[in-house]
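Fold and contact review
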Number of protein chains: 2
Amino acid sequence: MKNRIPLNSRSNVLGIDVGGTNTVFSIVAEDGTMAVTGTVKTQDYPTAEELFHAIKTIVSTWDHSLVQTLQGVGIGVPNGNYYTGEVLAPPNLLWSDIHLVPFIQSLFDLQCVITNDANAAALGEMYFGQARNMKHFIALTLGTGLGSGLVVNGKVVYGHDGLAGELGHLTVVPEGRVCGCGRRGCLETYVSAPGLVRTATEIGWLPTSGSATARAVFDAAQEGDSTAREAFNITGMTLGQAMANMVAVLSPEAIILSGGLAQAGESLLEPAQAALEDHVMRSFRGKTRFLLSALDNESIAVQGAAALIYQEHRTPV
Amino acid sequence: MKNRIPLNSRSNVLGIDVGGTNTVFSIVAEDGTMAVTGTVKTQDYPTAEELFHAIKTIVSTWDHSLVQTLQGVGIGVPNGNYYTGEVLAPPNLLWSDIHLVPFIQSLFDLQCVITNDANAAALGEMYFGQARNMKHFIALTLGTGLGSGLVVNGKVVYGHDGLAGELGHLTVVPEGRVCGCGRRGCLETYVSAPGLVRTATEIGWLPTSGSATARAVFDAAQEGDSTAREAFNITGMTLGQAMANMVAVLSPEAIILSGGLAQAGESLLEPAQAALEDHVMRSFRGKTRFLLSALDNESIAVQGAAALIYQEHRTPV
């Protein structure tokens, strides 16, 4: 394995974002520039070993002068544990448990740092996105579920075991909707693409054609359907109210939204911000802003994964 | 003002804990030892300036060889802002807003660092108490209200404005009990000495003699009164359920209880721990312990206030 040497302006890192559907990987420069990017279907490879061997094969076909500048591999992966380097029982993946860091270090002959996908997105925001000048913020990824990365004092919050930052599993409705985690009333059962659809359906919305998707609710809301609009209002308000509690805990400068559902933009942001202001203590009013990610949903976690290597070399803030 | 010089083993700090009733101050060594301690009635002094002048007068009567070793003044005070050095609208004090740090630096000719009383208690636990080997924990002070100090990566969480860590004002019951903050359903309206008494009264407990105090509920529970016991169960469960959400956010190693109500010990701890385990996600089960503070309630915040100075000189963890 290469020694850890100070990165210079021509340093590059291989950033990898392992998603349930696609795994995206790219050579990322310290300014976030992605020189070359590849994608494979995650489910085409039944094991982690096969997936990363396939990535290595593709990377080896890339411009050698670029590949030779690589200083490390940063990986965002569901259940990736920053402390232990392990991935245990990753949701939506076929993998067995794996001690990923030593495997990657040996495969690529480079240092490797991993974290979970939501924390990678938070790092992407901190190094290259909306949070570039922030030391205290929350990044939420709204899609099939609700992922979160918390940043305090310029560092991702991992907790004592690497598992902190599970805001999707805050209980917001006692005895509420059943969640994939086996409990009830978790935030992500309300504030996620399926949560929005369920809320819309519960208040009487029906798709005019096709199936009931978050996209269909959004299109209906855009066309003036008041029930679809109300579904966004309820979803945004649920988010804002839950985040009012998080403001009392962490007092973040911003709550940054990315992921498919965040593409709804103001339909979600406006009721969320209003509910936040309604529910926070007076001393917190008007201080924490909901923001939309300015980064591309496909690249944010790849850039953030690469930042895992860059942060190891930077002076702590 | 003295230059900031590295502290040695014979260094001492003046730790001051400003409470609503008493202000306690002590010369605290780096190992937490309190060589000499003084107390004044906070309300005897209508302004901060008069209070600290009185403290200076008392300290000047102490052993000069000891006073001369002082390297700084650390102060825990309601609404004390670590970042700005200001104390704005402190609850239960008669003071006007004051920029406390420059005033103290000039008065004592020593460096000064301030924080709020709950954060000072958390520092006390981290440097001298139950959290000595922990980098991730929550300290709760249960008394008239519920104060909290959060520690992440070995540092107190202040948030972007110095106001983070207000767990007493987590909304736990929508439209619940009216809180002093002007909102409803805050945790401290249920989990605090008055909250316990209110719960006991609501479920039909009456004092056999004297007035309805937390102490009277405790004594009744000890004597086998089932309603009083149930009041502790409900209070502990409310605490445990709220902390299950905090575990999902911060994944702390422990939640440490101090303050008058914490003296109830197992009556509170047992239902709290049980409710925590019942409500956390599977991956967090059995990992976060409720602990009672081993420090004296009077000294914990004084020692923690002193630690404000010591931490400025230590290598960050």
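In the block above lies the structure referred to throughout.
Reference entry: report on the structure contained in this document. Keep in mind that what you see is a predicted model, and the values were worked out from it rather than measured. (Residues numbered from 1 in each chain as written. Chains lettered and ligands numbered in written order. Predicted model: local features only at pLDDT ≥ 70, side-chain atom pairs only at ≥ 80, totals over all residues. Heavy atoms only, no water.)

1. Structural notes on the packing of aromatic side chains
Enumeration over the complete set of coordinates arrives at 14 aromatic pairs over all chains. Summarising the aromatic geometry, the rings of phenylalanine 52 of chain B and tryptophan 95 of chain B are spaced 6.0 Å apart at their centres and angled 65° between planes, so their arrangement reads as edge-to-face. Placement of phenylalanine 52 of chain B in helix α1 (residues 48–59) and of tryptophan 95 of chain B in the loop between β5 (86–87) and β6 (98–99) is noted, with a sequence separation of 43 residues between them. You can call phenylalanine 52 of chain B buried: its relative accessible area is 0%. Three or more aromatic residues link up through ring pairs in this structure, and these residues are Tyr82, Tyr83 and Tyr158 of chain A. (Phe/Tyr/Trp six-rings, centres within 6.5 Å; stacked < 30°, edge-to-face > 60°. Helix = DSSP H or I, 4+ residues; strand = E, 2+ residues; numbered from the N terminus. Buried < 20%, exposed > 50% of the residue type's maximum accessible area, 1.4 Å probe, protein only.)

2. Examining the sheet that holds strand β11 (residues 254–258) of chain B
All names here are of chain B. Reading across from one edge, β10-β9-β8-β11-β12 is the order of the five strands in this open sheet, with mixed pairing throughout. In this open sheet, the two edge strands, each paired with only one partner strand, are β10 (155–156) and β12 (289–292). Two elements, strand β8 (residues 137–142) and strand β9 (residues 146–152), share six bridges in a ladder whose sense is antiparallel. Paired with phenylalanine 137 across the two strands is valine 151, which belongs to β9. (Pairing = 2+ DSSP bridges.)

3. Some points on the pairing of β11 of chain B
Residues and elements named next belong to chain B. Summarising burial for β11: five of the five residues are buried, a large majority. Burial along β11 is two-sided: Ala254, Ile256 and Ser258 facing one way and Ile255 and Leu257 facing the other are all buried. Bridge count for β11 against β12 is four bridges, and the pairing is parallel. Each bridged residue has a counterpart across the sheet, and for alanine 254 the counterpart in β12 is arginine 289. What joins β11 to β12 is helix α8 (residues 266–279), and the crossover it makes is right-handed. (Right-handed = clockwise from strand over helix to strand, strands pointing away.)

4. Some remarks on the relation of the copies chain A and chain B
In the superposition of chain A on chain B (RMSD 0.0 Å, axial shift 0.0 Å), the rotation amounts to 180°. The relationship between the two copies is best expressed as a two-fold rotation axis. Looking at the rotation axis and the C-alpha trace of chain A, the residue lying nearest is valine 152 of chain A, at 4.0 Å. By residue overlap, the copies meet face to face through one surface: 100% of the interface positions of chain A are interface positions in chain B. (Least-squares fit on C-alpha atoms with pLDDT ≥ 70 in both. Contact = heavy atoms within 4.5 Å.)

5. Some remarks on the packing of helix α5 (residues 193–202) of chain B against helix α7 (residues 226–250) of chain B
How two helices sit against one another is set out by the angle between their axes and by the gap between those axes. Residues and elements named next belong to chain B. Two numbers describe how α5 lies on α7: the axes approach to 9 Å, and their chain directions differ by 125°. Regarding the angle of α5 to α7, the classification is oblique. Along this stretch, α5 crosses α7, giving a crossing that reads as right-handed. Counting all contacts with α5, which are made through Leu196, Thr199 and Ala200, the residues of α7 involved are Ala231, Phe232, Ile234 and Thr235. Here the contact of α5 with α7 is built from residues that sort into five nonpolar, two polar and no charged. (Axes fitted to C-alpha atoms, helices over the stretch in contact; angles between N-to-C directions. Parallel < 35°, antiparallel > 145°, perpendicular 65-115°, else oblique. Left-handed = near helix turned anticlockwise from the far one by under 90°. Nonpolar A, V, L, I, M, F, W, Y, C, P; charged D, E, K, R; others polar.)

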